[in-house]
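Coordinates in review
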Amino acid sequence: VNTTSQVSDALRHVLTQPTRGVVGLVDDLLTVCRHHRLQLDWQPDRCRARSDGGEWTELADVALPKSVFRAVLARVAVLCNERTPNAVSPYGGRGELPAGANPREVIKVTFVNNPTEQKLELTTETEPTARMSRQHEQAGRVAIDGD
Amino acid sequence: LGTPEEYARGKAAVFTSEGGSAILAVDVPDDIIALAVNEVYCPLSQGVVQFDEDAGLPELRAAWPALPKQIIPVGSP
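So, a few notes on the structure that sits alongside this text. (Residues numbered from 1 in each chain as written. Chains lettered and ligands numbered in written order. Predicted model: local features only at pLDDT ≥ 70, side-chain atom pairs only at ≥ 80, totals over all residues. Heavy atoms only, no water.)

Description of the nonpolar core
Considering soluble globular proteins, one finds that nonpolar side chains tend to be buried as a cluster. Stated precisely, the cut-off is as follows: Side-chain atoms within 4.5 Å link the members of a nonpolar core, which is a set of buried Ala, Val, Leu, Ile, Met, Phe, Trp, Tyr and Cys residues. When a residue's accessible area, from a 1.4 Å probe over protein chains only, is under 20% of the maximum for its type it is buried; when over 50% it is exposed; and in between it is partly exposed. Where helices and strands are cited, they refer to DSSP runs of H or I of at least four residues and of E of at least two residues respectively, numbered from the N terminus. The contact criterion used throughout is that any non-hydrogen atoms of two residues lie within 4.5 Å.
With 38 residues, the main nonpolar core has Leu11, Leu29, Trp42, Val109, Leu120 and Leu122 of chain A as its most contacted residues. Where this core is concerned, the elements lending two or more residues are helix 1 (4–16), helix 2 (21–36), strand 1 (38–43), strand 2 (46–51), helix 3 (66–83), strand 5 (105–113) and strand 6 (118–126) of chain A. For this core, the element with the highest residue contribution is helix 3 of chain A, accounting for nine residues. Aside from chain neighbours lying at most four places away, what touches Trp42 of chain A is Leu15, Leu25, Leu29, Cys47, Leu64, Phe69, Val72, Lys119 and Leu120 of chain A. Grouped together as the second largest cluster of nonpolar side chains are eight residues, Val28, Ile32, Phe51 and Leu60 of chain B included.

Here it is, written out as structure tokens:
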């Protein structure tokens, strides 16, 4: 069972004590989301999270400099486009990232990254089987075309 | 964060009427870069210098007219 304080502590550690810069921060943030099935709502002046549709928990004292937050968002954009080419622009969009060994579990990403607005929303979800089948079929075609 | 070419193409795709993608290479003095580098979050080893209002952008803006610049067109992949 994930307690609110466990989730808060894990997130606070990832955001305030990164070991590999923004690249490591984003990797570790996604790992925490996967482990706790988190929904994250992160803006420059607010970061809140909830696990499995529970109550939102505000994380105090985790505000990052704007330049760092923008670099985090830029890294998220690259990861989205690595999974699905051209899924998002550097300025924002919606994408998906894998959520672990189970291919049906994904982290849905919505973000905005421009000089006047920055935000990141992550939601861990399990996709219906039918949709996954279509995605795998499409991925197979891309791989064959690429060869 | 990907290559400069990939980043340029991604930005140009949002502004399709602005002539296509290009890289603006600017020779920024080390003392201005140092204002933007955050060794904990954005170390230089990761190849990204993120200027912003709280990280060297005002100083970069002030020095901008005198900085050497080169426009490098970016073609299709």
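And the narrative resumes.
Let's talk about the sheet that holds strand 3 (residues 57–58) of chain A
Residue and element names in this part refer to chain A. For clarity, the threshold we go by: Two strands pair if DSSP finds at least two bridges between them. To obtain an axis, a line is fitted to C-alpha atoms, over the contacting stretch when the element is a helix, and the angle between two such axes runs from 0 to 180 degrees between their N-to-C directions.
Spatially, the six strands line up as an open sheet ordered 3-2-1-6-5-4, and their pairing is antiparallel. Edge positions in the open sheet fall to strand 3 and strand 4 (92–98), since each of these has one partner strand only. The pairing of strand 5 with strand 6 spans nine bridges and is classified as antiparallel. Along strand 6, the bridge assignment pairs Lys108 with Thr123. Helix 1 contacts strand 1, strand 2 and strand 3 of the sheet and is inclined by roughly 45° relative to strand 1.

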